[in-house]
Amino acid sequence: MIIPFQSFLFPLLLAGGILAQESPQPTSMPETGKTSESKTPMPEAERSNEFFFQPVLTLISLSTDKIPLILSATLEHHLADGKSLIWQPQIVAGTIKDTTTKFTEYAFGSYLGLRNYFNGELHRGFYIQGSVAAQLGNVKAERIGYTDNATAFVQVYAALGYLGYKWKHVFLDLGVGYQKVSGTLKFNTGEEVEVSATGPTLDANLGFTF
């Protein structure tokens, strides 16, 4: 509603200025009118798209060998009535180790969601969000000190609901949902094993923009 209001207000101010100049009233009156018009507060137009970085999870993944490198970002496209479309791409790449096994993972994930703010057109404050997610990737497991290894193409699908809060340059939310994981393990011995699992999942996001 901000942009239509500005488009309607500007012609009125322009017409008022022209009539004031043509008016036979004392010169002090038009000056007063111009001064009052110049002080009229104009609402700031809201950006239709916002891009958020998520550096915290990336920094954590860089500081430990227990999880691979994770790169994630969030694009928000504003709609009418306080709603937004959310797209969150995610890249997972790297190697992690425990005492007996080394895991190497390369995966790409994508989250698509619809967000609804409680305060309407401002696109700030508390919100709820529903999202669907998919992640596809390859995982390789190797036993340290042995030639045994296995590779797998893994698929993850999930549906989540979020509750969050957004300030001017920061947003924070927490989501809970349900996911399905499936894949085929291929051992270097030639054996193949199908794996599948379903269960609850959690997701948290902390994003920053300029």
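The rules behind these values
Residues numbered from 1 in each chain as written. Predicted model: local features only at pLDDT ≥ 70, side-chain atom pairs only at ≥ 80, totals over all residues. Heavy atoms only, no water. Helix = DSSP H or I, 4+ residues; strand = E, 2+ residues; numbered from the N terminus. Buried < 20%, exposed > 50% of the residue type's maximum accessible area, 1.4 Å probe, protein only. Areas by Shrake-Rupley, 256 points an atom, 1.4 Å probe, with all protein chains shown as cover. Pairing = 2+ DSSP bridges. Salt bridge = Lys/Arg side-chain N within 4 Å of Asp/Glu carboxyl O. Core = buried A, V, L, I, M, F, W, Y, C linked by side-chain atoms within 4.5 Å. Contact = heavy atoms within 4.5 Å. pLDDT = per-residue confidence, 0-100. Phe/Tyr/Trp six-rings, centres within 6.5 Å; stacked < 30°, edge-to-face > 60°.

Colleague: So what exactly am I meant to see when it comes to the overall build of the protein chain here?
Modeller: The number of helices and strands found in the protein chain is three helices and eight strands. Listing each helix as α and each strand as β along the protein chain from the N terminus yields α-α-β-α-β-β-β-β-β-β-β. For the protein chain, with 210 residues in total, the buried portion stands at 28%. Summing over all exposed atoms, the protein chain offers an accessible surface of approximately 13400 Å²; the carbon and sulfur share of this is 67%.

Colleague: Looking at this structure, how should I read the pairing of strand S4 (residues 101-117)?
Modeller: Regular strands show a simple pattern: their side chains alternate between the two faces of the sheet. Inspection of the sheet shows strand S3 (residues 83-97) paired to S4 by 15 bridges, in the antiparallel sense. Bridge pairing in S4 links Ile 96 to Phe 103. Counted along the chain from S3 to the antiparallel partner S4, the turn is three residues long. As paired elements, S4 and strand S5 (residues 125-143) share 17 bridges and run antiparallel to each other.

Colleague: Looking at this model, I keep getting lost on the pairing of S5. Mind explaining?
Modeller: Strand direction decides the pairing type here: S5 and strand S6 (residues 149-166), joined by 18 bridges, are antiparallel. Across the sheet, Ser 131 pairs through a bridge with Leu 160, a residue of S6. As consecutive antiparallel partners, S5 and S6 are separated by five residues, and within that stretch Gly 145 has a phi angle of approximately 90 degrees, a positive value.

Colleague: Would you take a moment to explain the pattern of salt bridges for this structure?
Modeller: Two side chains of opposite charge can pair, provided their charged atoms sit close to one another. Applying the stated criterion across every chain, the model contains five salt bridges. Across the pair Lys 102 and Glu 142 runs a salt bridge whose closest N-O atoms are separated by 3.8 Å. In this pair, Lys 102 sits in strand S4 while Glu 142 sits in strand S5, placing the two residues 40 residues apart along the sequence. Residue classification places Lys 102 among the partly exposed positions, given a relative accessible area of 28%. Of the charged contacts in the structure, one is a salt bridge between Arg 115 and Asp 173, with a shortest N-O distance of 3.9 Å. Note that Arg 115 is positioned in strand S4 and Asp 173 in strand S7 (residues 170-187), a separation of 58 residues in sequence. For the pair Arg 115 and Asp 173, a shared accessibility class is recorded, and that class is buried.

Colleague: Whenever I open this one, the nonpolar core confuses me. Can you help?
Modeller: Ranked by size, the top nonpolar core spans five residues in total: Tyr 111, Ala 133, Ala 158, Leu 160 and Tyr 162. Examining the composition of this core, we find that three residues originate from one element, S6, more than from any other. Every residue in contact with Tyr 111, bar those within four places of it in the chain, is listed here: Ile 86, Trp 87, Gln 88, Gln 90, Val 132, Ala 133, Leu 160, Tyr 162 and Asp 203.

Colleague: Where do I start with the confidence of the model for the protein chain in this structure?
Modeller: Low-pLDDT stretches of the model should not have their predicted coordinates read in fine detail. For the protein chain, the average pLDDT comes to 82, and 78% of its residues sit at 70 or higher. Per-element mean pLDDT across the protein chain ranges from 39 in helix H1 (residues 2-22) up to 96 in strand S2 (residues 69-78). Every residue in residues 40-44 scores below 50 in pLDDT, and together they form six contacts with partners more than four places removed in sequence or on other chains.

Colleague: Would you take a moment to explain the packing of aromatic side chains for this structure?
Modeller: For any two aromatic rings, the description comes down to two numbers: the centre-to-centre distance and the angle of the planes. Counting across every chain of the model gives six aromatic pairs. Here the aromatic rings of Phe 51 and Phe 53 are separated by 5.0 Å at their centres, their planes lie at 85 degrees, and the arrangement is edge-to-face. Accessibility expressed as a relative area gives 41% for Phe 51, which makes it partly exposed. Residue Phe 53 is classed as partly exposed on the basis of its relative accessible area of 42%. Taken together, a centroid distance of 6.1 Å and an interplanar angle of 65 degrees make the contact between Phe 53 and Phe 210 edge-to-face. Taken as a pair, Phe 53 in strand S1 (residues 49-53) and Phe 210 in the segment after strand S8 (192-208) lie far apart in primary sequence, 157 residues in all. Exposure remark for Phe 210: the relative accessible area of 74% places this residue in the exposed category.

Colleague: Explanation requested: the side chain of Thr 58 in the structure shown.
Modeller: Topologically, Thr 58 is positioned in helix H3 (residues 55-62). In contact with Thr 58, other than residues within four places in its own chain, are Leu 69, Ile 70 and Leu 71.

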